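So you can see what is in the structure, the chains are spelled out below.
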Amino acid sequence: MGEKIGVYVCHCGSNIAGVVDVVGVAKWAEENLPNVRVARDYKFMCSSLGQEMIEKDVKDLGLTRVVVAACSPHLHEATFRNACKRAGLNPYLFEMVSIREQVSWVTKDKTVATEKSKMLISGGVRRVVHHQPLEPLFVDINPNVLVVGGGIAGIQAALEIADQGSHVYLVEREPSIGGHMAQFDKTFPTLDCAACILTPKMFTAGNHPNITLLTWSEVEKVDGFIGNFTVQIRQKARKVIADKCTGCGVCEEKCPKKVIDHMFEAGMGTRKAIYTPFPQAVPKYPVIDVENCIYYQRGTCKACEKFCPTGAIDFDQKDEMMTVQVGNVILATGYELFDARRVPQYGYGRLANVVTNLEFERLSNTAGPTSGKIVLRDGVTAPQTVGIIHCVGSRDIKYNVDCSAICCMQSLKFAHLVKEKTGAKVYNFYIDIRTPGKTYDEFYRRILDEGVHFIRGKVAEVTDAPRFPGEEGKLVIQVEDTLAGRQLRVPVDMVVLSAAMQPRVDSKEVGQKFGISCSANGWFIERHPKLDPVATMTEGIFIAGVCQGPKDIPATVSQGAAAAARVLGLIGQKQVTLEPVRASITQDNCSGCRICNNLCPFNAITFIEDRAVSDINPALCQGCGTCVSACPAGAITGSHFTNQQIMAQIEGVLFDLNVQGAREEMERVPA
């Protein structure tokens, strides 16, 4: 006896029905496709009424298979699987056909769209006959959590989880947590002190009983799967024994070697060869910069060791490896600043008084190298006129196509700080002003009221070559004012470049280490940009903050908390259900060539040496099918995507074409 299949075609409002003859397609499916017991159309199949329709038909008509033609499976496949499950049907005896993304959204030709919908549904009907009932996998969840990145996103996530009683390993590659926010002076739109907001959270994270803080450390290797990750972490040698150090600062005071601080001070100040990045650093222990330390260069000095009152200096200290077991991972690795030298016409690195946004943050910060005085490179002269250029390296197909989300508000903040601290005339050169956050537009109007000048237009050049009187000794900004429709040359004393946020240079390498993907421009890819922005396609790996894409501090904090909530939800369940769509190896057919081992993007395949065959860990496998297609012996099968199912779907898709082709061939044959 054949299967009893129900076909359900969604209007999706007018998204599908505006292009596809949905009623006609449903009627055609019921009359022409084999094994179809019932075919219906409904305005919104994903609604409760639509799902109840499916459930009722499964129970009343004894349906053994269900096909829904609607939107993308990424959106509602789980919705309809659950409807089948509630009706007593195994959820994997269901097939979803995308006739929105693959049909109605790619053509305006109603005839073509209707015919293509029929073909895709035909393929789905023939495929679902060969579906097999699958049972989910269950994995226990280790309550420990790894958070990688100690910026505000990582700190927030770690605190949220730790406060609920789970243990967190917080890993940061720099000597202190705090990230970029620790470098800032004030935060928009309230202009409150960044350190005043951040420092209490840093201190709490550094002293929380449920947080193991691992600064000056990096993740070396990640093995395992959701609920059971094994992580190797390299703790770089500080050359300081933390248990003995009191953070008194004598070593730093006595160190004779000064170097330019390119990290925390963004090149605007100096530090010693033994240093803590900033006064509020957490932890308080310094590190020795081996590359610049006189002892490591010449074998002499040891001033820090001689003056340390507790004997905490250890020049022979080595890197240490530690292994931790965790159930979930949150990546909050942040961003790096666009290198403004890549836009040579703006003169950064060539013209002394052209500075980046991060350099200006350090200039205006009372804890910065100039004690908060906004001065030119001579360290004395206050600027009388300042030009702030928006979108340097962002919204530009040559560099980063993304809007960096913070540049407009950041530039408005800079304008206010310049006016407040120097009284200078300020020009903002912008493409578009974007102030979408709560009270952000109010802040924009406040800056307008303060007398800041706004010129709409992309700056062509910053030069120190004078052409007209009044330009001598100045930086001249050449720009077209697109509102006034004229070219302008604006002489200023200082230029501030609002450089773009961009992914860290090692983001793809980090992504591979954790088994997740990056977009073409380097941001970590989320499971769904709207419905699941903190999860990734790898179960148990979550992302938070700017590593996912440009955003401001409130959005970053929110995403850190959201990632923590997802992790806490899994910990609370104590056991997680995994999708059973996995690959498996028929080991009798395996030749041991190991091609699949090297191709698996999730490191789910291992080689069993004594038997010379490969084996797949189903908890690690994500069912991508790479190994299935690559296996030269055909020894690997992807459940729910077997050859039989795929070939049946292809035959179904081609069904209409075959019929139409036969008709045309008959018409060409002479009577």
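Please read these numbers as outputs of a predicted model, since none were measured by experiment.

Engineer: For this particular structure, what's the right way to read the overall build of the protein?
Structural biologist: Helix and strand counts for the protein stand at 19 helices and 34 strands. If you line up the protein on its principal axes, its C-alpha atoms span 95 × 70 × 45 Å. Taken across its 671 residues, the protein has 51% of its residues classed as buried. Element-wise, carbon and sulfur atoms account for 51% of the exposed surface of the protein, whose accessible area totals about 30600 Å². Both charge centroids of the protein, one from 72 positive and one from 73 negative side chains, sit 3 Å from each other.

Engineer: Got a minute to help me understand the pattern of salt bridges in this structure?
Structural biologist: Pairing is possible between side chains that carry opposite charge, provided their charged atoms lie close to one another. Tallied over the full model, the rule gives 33 salt bridges. Its salt-bridge partner being Arg377, residue Glu359 comes within 3.5 Å of it at the nearest N-O pair. Here Glu359 is found in helix α11 (residues 357-364), whereas its partner Arg377 is found in the loop between α11 and β21 (385-392), with 18 residues between them in sequence. Between Asp432 and Arg456 there is a salt bridge whose closest N-O contact spans 3.2 Å. With a gap of 24 residues between them, Asp432 in the loop between β22 (425-430) and α13 (440-449) and Arg456 in strand β23 (residues 453-456) connect regions that are remote in the sequence. On the basis of relative accessible area, Asp432 is assigned to the partly exposed category, the value being 25%. Where salt bridges share partners, they join Arg527, Asp532, Glu539 and Arg566 into one cluster.

Engineer: Sorry, what's going on with unusual backbone geometry here?
Structural biologist: A negative phi angle is the norm for most residues apart from glycine, just as the trans form is the norm for most peptide bonds. Look at the link from Phe188 to Pro189: it is a cis peptide, with omega at -5°. Note that Pro189 resides in the loop between β8 (186-187) and β9 (192-193). The residue after Val282, namely Pro283, is reached through a cis peptide bond having omega 0°. Tracing the sequence through the fold places Pro283 in the loop between β15 (274-275) and β16 (287-288). Unlike most non-glycine residues, Lys302 shows phi in positive territory, near 55°. Inspection of the secondary structure assignment puts Lys302 in the loop between α9 (294-298) and α10 (303-307).

Engineer: Which parts of the structure should I look at to understand the confidence of the model for the protein?
Structural biologist: Do not read the fine detail of predicted coordinates wherever pLDDT is low. Per-chain confidence: the protein averages 93 in pLDDT, with 97% of residues scoring 70 or above. Per-residue pLDDT stays below 50 along residues 659-669; that stretch engages in zero contacts with residues further than four places along the chain or on separate chains.

Engineer: Looking at this model, I keep getting lost on the sheet that holds strand β4 (residues 94-98). Mind explaining?
Structural biologist: Hydrogen bonds along the backbone pair up the strands of a sheet, which may run parallel or antiparallel. Judged by pairing direction, the sheet is parallel, and its four strands sit side by side in the order β2-β1-β3-β4 without closing on themselves. Whereas interior strands pair on both sides, the edge strands pair on one side only; in this sheet they are β2 (36-42) and β4. Across the sheet, the mean angle separating the axes of adjacent strands is 15° when strand polarity is ignored.

Engineer: Sorry, what's going on with the domain arrangement of the protein here?
Structural biologist: When the parts come together, some accessible area is lost, and that loss is often what is quoted as the size of the interface. Once the domains are mapped, the protein shows domain 1 (5-135), domain 2 (137-236 + 322-334 + 504-577), domain 3 (238-318), domain 4 (338-500) and domain 5 (583-638). Here the C-alpha centroids of domain 1 and domain 5 sit 33 Å apart.

Engineer: I'm lost on the side chain of Lys239 in this one. Help?
Structural biologist: Turning to its location among the elements, Lys239 is positioned in the loop between β12 (228-235) and α8 (250-254). The side chain of Lys239 sits in the buried core without any salt bridge; Asp319 is the nearest counter-charge, 6.1 Å away.

Engineer: Sorry, what's going on with the environment of Pro283 here?
Structural biologist: On the basis of relative accessible area, Pro283 is assigned to the buried category, the value being 14%. C-alpha separation for the pair Pro283 and Gly206, spaced 77 residues apart in sequence, amounts to 6.5 Å. Those residues in contact with Pro283, other than ones at most four positions away along the chain, are Pro175, Ser176, Leu213, Thr215 and Arg238.

Engineer: Help me understand the sheet that holds β21 in this model?
Structural biologist: In spatial order, the strands read β20-β27-β21-β22-β23; together these five strands make up an open sheet with parallel pairing. Edge positions in the sheet fall to β20 (354-356) and β23, since each of these pairs with one other strand and no more. Ignoring which end each strand starts from, the neighbouring axes of this sheet average 20° apart. When β22 meets β23, the two strands line up parallel, connected through four bridges. Each bridged residue has a counterpart across the sheet, and for Tyr427 the counterpart in β23 is His453. Set on the sheet, α11 makes contact with β20 and β27 (494-499); between it and β20 the angle comes to about 90°.

Engineer: Help me understand the pairing of strand β3 (residues 65-70), please; the structure alone is not making it clear to me.
Structural biologist: Look at any regular strand and the pattern is simple: side chains alternate between the two faces of the sheet. Of all six residues in β3, six are buried, a share of seventy percent or more. Of the two faces of β3, the one lined by Arg65, Val67 and Ala69 and the one lined by Val66, Val68 and Ala70 are each fully buried. Pairing of strand β1 (residues 5-10) with β3, which is carried by five bridges, proceeds in the parallel orientation. Each residue of the ladder has a partner; that of Ile5, found in β3, is Arg65.

Engineer: Help me understand the nonpolar core, please; the structure alone is not making it clear to me.
Structural biologist: Nonpolar side chains in soluble globular proteins generally cluster together in the buried interior. Within the largest apolar cluster, 94 residues are counted, with the highest numbers of intra-cluster contacts made by Ile211, Ile330, Phe360, Met494, Val496, Ile616 and Ile636. With eight residues, helix α6 (residues 152-163) is the single largest residue contributor to this core. Among residues more than four places away in sequence, those in contact with Met494 are Asn353, Val355, Phe360, Leu363, Ile374, Val375, Leu376, Pro383, Thr385, Val386, Gly387 and Leu475. With 44 residues, the next largest nonpolar core counts Met53, Ala87, Val97 and Leu120 among its residues.

Engineer: Just to check I follow, could you spell out the side chain of Gln478 for this structure?
Structural biologist: Topologically, Gln478 is positioned in strand β25 (residues 475-481). Take Gln478: its relative accessible area is 14%, and that puts it in the buried class. A polar contact of 3.1 Å, which involves the side chain of Gln478, links it to the side chain of Gln487. Apart from residues lying up to four places away in sequence, Gln478 is in contact with Val459, Ala460, Glu461, Gln487, Leu488 and Arg489.

Engineer: How should I be thinking about the packing of α6 against helix α7 (residues 194-207) in this particular structure?
Structural biologist: Helices that pack against each other are described as a pair by the angle of their axes relative to one another and the distance between those axes. Viewed as axis vectors pointing N to C, α6 and α7 meet at an angle of 50°, and their least axial separation amounts to 10 Å. The orientation of α6 relative to α7 falls into the category oblique. For α6 against α7, the interelement crossing comes out left-handed. Judged by residue contacts, Ile152, Ile155, Gln156 and Leu159 of α6 engage Leu198, Lys201, Met202, Thr204 and Ala205 from α7. Within the contact of α6 with α7, the residues separate by chemical class into six nonpolar, two polar and one charged.

Engineer: Just to check I follow, could you spell out the packing of helix α2 (residues 48-61) against helix α3 (residues 73-86) for this structure?
Structural biologist: Running from amino to carboxyl end, α2 crosses α3 at an angle of 35°, the nearest separation of the two axes being 8 Å. The element α2 and its partner α3 pack so that their crossing is right-handed. Contacts between α2 and α3 pair Gln51, Ile54, Glu55 and Lys59 from the former with Thr79, Phe80, Ala83 and Arg86 from the latter. Taken together, the residues of the contact of α2 with α3 sort by class into three nonpolar, two polar and three charged.

Definitions and limits used
- Residues numbered from 1 in each chain as written.
- Predicted model: local features only at pLDDT ≥ 70, side-chain atom pairs only at ≥ 80, totals over all residues.
- Heavy atoms only, no water.
- Helix = DSSP H or I, 4+ residues; strand = E, 2+ residues; numbered from the N terminus.
- Buried < 20%, exposed > 50% of the residue type's maximum accessible area, 1.4 Å probe, protein only.
- Areas by Shrake-Rupley, 256 points an atom, 1.4 Å probe, with all protein chains shown as cover.
- Lys, Arg positive; Asp, Glu negative; His and termini not counted.
- Charge placed at Lys NZ, Arg CZ, Asp CG, Glu CD.
- Salt bridge = Lys/Arg side-chain N within 4 Å of Asp/Glu carboxyl O.
- pLDDT = per-residue confidence, 0-100.
- Contact = heavy atoms within 4.5 Å.
- Pairing = 2+ DSSP bridges.
- Axes fitted to C-alpha atoms, helices over the stretch in contact; angles between N-to-C directions.
- Domains from an automatic or database assignment.
- Core = buried A, V, L, I, M, F, W, Y, C linked by side-chain atoms within 4.5 Å.
- Polar contact = N/O pair within 3.5 Å; in protein donor to acceptor, adjacent residues only side chain to side chain.
- Parallel < 35°, antiparallel > 145°, perpendicular 65-115°, else oblique.
- Left-handed = near helix turned anticlockwise from the far one by under 90°.
- Nonpolar A, V, L, I, M, F, W, Y, C, P; charged D, E, K, R; others polar.

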